[in-house]
Amino acid sequence: MADGQLIEQQAADWLIKEDRGLDFRERAEFDRWLSEETDNRVAYLRLKRTWIGAGQLSEPKNFRAAAPRPGTARVLRNAAGWAIAAMLLVTAIAGAWRLTRPSITTIATGVGEQMNVSLERGTRIELNTNTVLRSQVSGSARTITMDRGQAFFDVRRDKARQLVILAAGRRITDIGTKFSVYRNGDNVKVVVTEGRVRIEDVKNLSARPIEAGANSIVIANGDETLLAKMTGAEITKELTWRYGLLTFTDEPLEAVSREFNRYNAKKMHIDPSARDIKIGGSFRANNVDGFKDLLQQVFALKVHESSGDIFVSK
Amino acid sequence: MDRSNILDDWFFREVLPLEPAIVEYLSRNWGSESEIEDLRQEVFVKVYESARTEIPAAPRQFVLQMAQNILFVRQRRNKVIPIGSLADLEALEPESDEPSPERRTAARQEVERLQIALDNLPDRCREVVVLRKVRGLSQREVARQLGIEESTVEQHLAKGLRLLAQSASSRRGTIIAQARRYLRPSGSTNG
């Protein structure tokens, strides 16, 4: 009896740790624990079923949680970041005040940070790592200028005020929808999950705009714009960053390292000898050390750290 | 590795949903209530281990047969007389192993049981579980929102999870009372 309780407690602890994310050392320890005794495995599977089942539950009646904060940051945020997030909400609400002063608000995340921001009427923005957005409201439109980074927009249609996003010479207008925008230098990538968005070249507004529907990706650079239809699975993969995950299917290590570097102060440098090694799988965006271990253990690459960065070669 | 994944998967889909039936059978045929949890775990372990050699075609029948065997062995060892007849396996509605409306009903009941257990969790524990599992915040976000340590969030989740899992052993009707009894503050519960 006491034994059973102990095993169940261990199983619960492991499952919660797994949910939070295991590093390589913990993963190995967990695997060892699982295969040690059938008792352990069975206790774990039983709790796992409950854990998954709990995802289908609804909030208890009269449930009151601490009020969600408007800019719930997923990763460490400094006080200034909070102030900015709070300010955005204030400017969004204080309509009267806005009439007398133009309101430009900057929302930004640092490397490795993510942040959710709520605007009026249920529109939500999820900022990914290292992103700068400037928001300006004028009568009939809210214009968000993306200086850099990536954000997911969940837009409630609002006839009185349209949402317009400007990124590297592209104007993206929602038609009541969910989509993400990634700006990397002059490159803009728009991923549409629901509804439709219109994408225009600001320098050439007389040209026919591109309208992208659900499950499509638009890539724009300079004068060129490419529209591609994707499967639901491919779209999902494009958006796993919203859950703090990076997902790759057979992508060269060079490209994979660039993705990790967006999220981590500790940068990866890949020697030309290892650049083309193909990587697949899902990884925690902030777990660059775990990924490093994987390269060492599974791909048998040479890895060394120096002045806070990671160097990888064959 | 593959083999154990198939086994895990089978166990997950076919055996774990039978927990209420197993517990009902054990309670009906074993006098000592404090041993039921232990027996249930023994059934799970034995079923898993024998499925290593061959995955049984009719899980429900197999699992209840296993429960019966375990009681027989224990009975002989303890030299105790059971409260019911161990032969009354048939008394449990002979549900087929085919996917069926009964199965869907069972799945719905499982969720209902979990919901009641969730509603009855201790306040802080429930808050943490709802934020993580219903609202979908990460553990870190939950900690931030509630202004508590991440390690505290982990503790609440582990405790909540065990209490929710307990709901599968509760029989319909007595479930709320059982949850309450289980939740009564004791020395070992924290928060």
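Residues numbered from 1 in each chain as written. Chains lettered and ligands numbered in written order. Predicted model: local features only at pLDDT ≥ 70, side-chain atom pairs only at ≥ 80, totals over all residues. Heavy atoms only, no water.

## Details of the sheet that holds strand β15 (residues 268-270) of chain A
Strand pairing in a sheet takes place through backbone hydrogen bonds and is either antiparallel or parallel in direction. Residue and element names in this part refer to chain A. In spatial order, the strands read β15-β18-β17; together these three strands make up an open sheet with mixed pairing. The sheet is open, and its two borders are formed by β15 and β17 (302-306), each paired with just one other strand. On average, each strand axis in the sheet is inclined to that of its neighbour by 25°, with strand direction left out of account. Pairing geometry for β15 and strand β18 (residues 309-313), over three bridges, is parallel. Each residue of the ladder has a partner; that of H269, found in β18, is F311. (Pairing = 2+ DSSP bridges. Helix = DSSP H or I, 4+ residues; strand = E, 2+ residues; numbered from the N terminus. Axes fitted to C-alpha atoms, helices over the stretch in contact; angles between N-to-C directions.)

## Quick look at the interface of chain A and chain B
The partner chain B presents 47 residues to the 47 residues of chain A that form the contact. Both faces combined, the contact of chain A with chain B buries some 4600 Å², and carbon together with sulfur accounts for 56% of it. On the chain A side of the contact with chain B, R46(A), R49(A) and L57(A) bury the most area, a combined 17% of that side's loss. Run the count over chain A and chain B and you get seven salt bridges. Between R135(B) and E59(A) there is a salt bridge; the shortest N-O distance is 2.6 Å. At the surface where chain A touches chain B, the tally comes to 19 residue pairs in polar contact (both at pLDDT 80 or more). Elements that contribute at least two residues to the side of chain A that touches chain B include exactly α1 (2-20) and α3 (38-54) of chain A. Broken down by element, the residue count for the side of chain A that touches chain B peaks at 15 residues, all from α3(A). (Contact = heavy atoms within 4.5 Å. Buried area = accessible area lost by both parts, 1.4 Å probe. Salt bridge = Lys/Arg side-chain N within 4 Å of Asp/Glu carboxyl O. Polar contact = N/O pair within 3.5 Å; in protein donor to acceptor, adjacent residues only side chain to side chain.)

## Considering the nonpolar core
One finds Y44(A), F11(B), L26(B) and L164(B) to be the most contacted residues of the largest nonpolar core, which totals 65 residues. Ranked by the residues each element gives to this core, the list is headed by helix α3 (residues 36-53) of chain B, at eight residues. Excluding anything up to four places from it in sequence, L26(B) contacts I36(B), L39(B), R40(B), A67(B) and L71(B). Grouped together as the second largest cluster of nonpolar side chains are 27 residues, F152(A), A274(A), A285(A) and I310(A) included. (Core = buried A, V, L, I, M, F, W, Y, C linked by side-chain atoms within 4.5 Å. Buried < 20%, exposed > 50% of the residue type's maximum accessible area, 1.4 Å probe, protein only.)

## Observations concerning helix α6 (residues 123-134) of chain B
Residues and elements named next belong to chain B. Over its twelve residues, α6 extends 15 Å from the first C-alpha to the last, a length consistent with the 16 Å expected when each residue adds 1.5 Å. Within α6, nine of the twelve residues are buried, which leaves the element mostly enclosed by the surrounding structure. Taken residue by residue, α6 has C125, R126, E127, V128, V129, V130, L131, R132 and K133 as its buried positions. Downstream of α6 by one or two residues, G136 has phi in the positive range, about 75°. (Expected span 1.5 Å × (residues − 1).)

## A closer look at the pattern of salt bridges
All names here are of chain A. One pass over the structure, following the stated rule, counts 43 salt bridges over all chains. Between K237 and E251 there is a salt bridge whose closest N-O contact spans 3.4 Å. Here K237 is found in helix α6 (residues 232-238), whereas its partner E251 is found in strand β14 (residues 245-252), with 14 residues between them in sequence. Residue classification places K237 among the partly exposed positions, given a relative accessible area of 24%. For E251, a relative accessible area of 24% gives the class partly exposed.

## A short note on the pairing of strand β9 (residues 187-194) of chain A
Residue and element names in this part refer to chain A. Sheet topology note: the strand β8 (residues 178-184)/β9 ladder contains seven bridges and is antiparallel. Looking at the pairing, R183 lines up with V188 of β9. Counted along the chain from β8 to the antiparallel partner β9, the turn is two residues long, and its residue G185 has a positive phi close to 65°. One ladder, built from six bridges, connects β9 with strand β12 (residues 216-221); its direction is antiparallel. Counted as the bridge partner of V190 is V218 from β12.

## Observations concerning the side chain of D154(A)
Residues and elements named next belong to chain A. With respect to the helices and strands, D154 occurs in strand β5 (residues 141-154). Among the residues examined, D154 registers a relative accessible area of 6% and is labelled buried. Leaving out residues up to four positions away in the same chain, D154 has contacts with G122, T123, R124, T177 and K178.

## Regarding the packing of aromatic side chains
Residues and elements named next belong to chain A. Under the definition given, this model contains ten aromatic pairs over all chains. Consider the rings of F30 and Y44, whose centres lie 5.3 Å apart with planes at 70°: the pair is edge-to-face. Residue F30 is found in helix α2 (residues 24-36), and its partner Y44 is found in helix α3; the two are separated by 14 residues along the sequence. Assigned by exposure class, F30 and Y44 land together as buried. Its guanidinium or amino end placed over the ring of W14, K17 lies 5.3 Å from that ring's centre, counting from NZ or CZ. In this structure, R242 packs its charged tip against the face of F152, placed 3.7 Å from the ring centre. (Phe/Tyr/Trp six-rings, centres within 6.5 Å; stacked < 30°, edge-to-face > 60°. Lys NZ or Arg CZ within 6 Å of the ring centre and 35° of its normal.)

## A short note on the confidence of the model for chain A
All names here are of chain A. Of all residues in chain A, 87% have pLDDT values of 70 or greater, and the mean over the chain is 81. The least confident element of chain A is helix α5 (residues 95-100), whose mean pLDDT is 32; the most confident is β15, at 95. Under a pLDDT of 50 for its full length, residues 68-102 has, in the predicted model, 63 contacts with residues more than four places off or in other chains. (pLDDT = per-residue confidence, 0-100.)

## Brief notes about the packing of helix α7 (residues 139-146) of chain B against helix α8 (residues 150-166) of chain B
Residues and elements named next belong to chain B. Relative orientation of the contacting elements α7 and α8 amounts to 110°, with a least axis distance of 9 Å. Comparing their axes, α8 and α7 come out roughly perpendicular. Contact with α7, carried on its side by Q139, R140, V142 and A143, involves E150, V153, E154 and L157 of α8 and no other residues of that element. Looking at the contact of α7 with α8 residue by residue, the classes come out as four nonpolar, one polar and three charged. (Parallel < 35°, antiparallel > 145°, perpendicular 65-115°, else oblique. Nonpolar A, V, L, I, M, F, W, Y, C, P; charged D, E, K, R; others polar.)

## Here we look at the confidence of the model for chain B
All names here are of chain B. Put simply, chain B has an average pLDDT of 78, and 73% of its residues get 70 or more. Across chain B, element-level confidence peaks in α8 with a mean pLDDT of 94 and bottoms out in helix α9 (residues 175-183) with 43. When the criterion is pLDDT under 50, residues 82-94 qualifies, and its contacts beyond four places in sequence or with other chains add up to 30 contacts. Here residues 172-191 is modelled with pLDDT under 50, and outside its nearest four sequence neighbours on either side it reaches 23 contacts, counting other chains as well. Predicted as a complex, the structure gets a pTM of 0.49 and an ipTM equal to 0.81.

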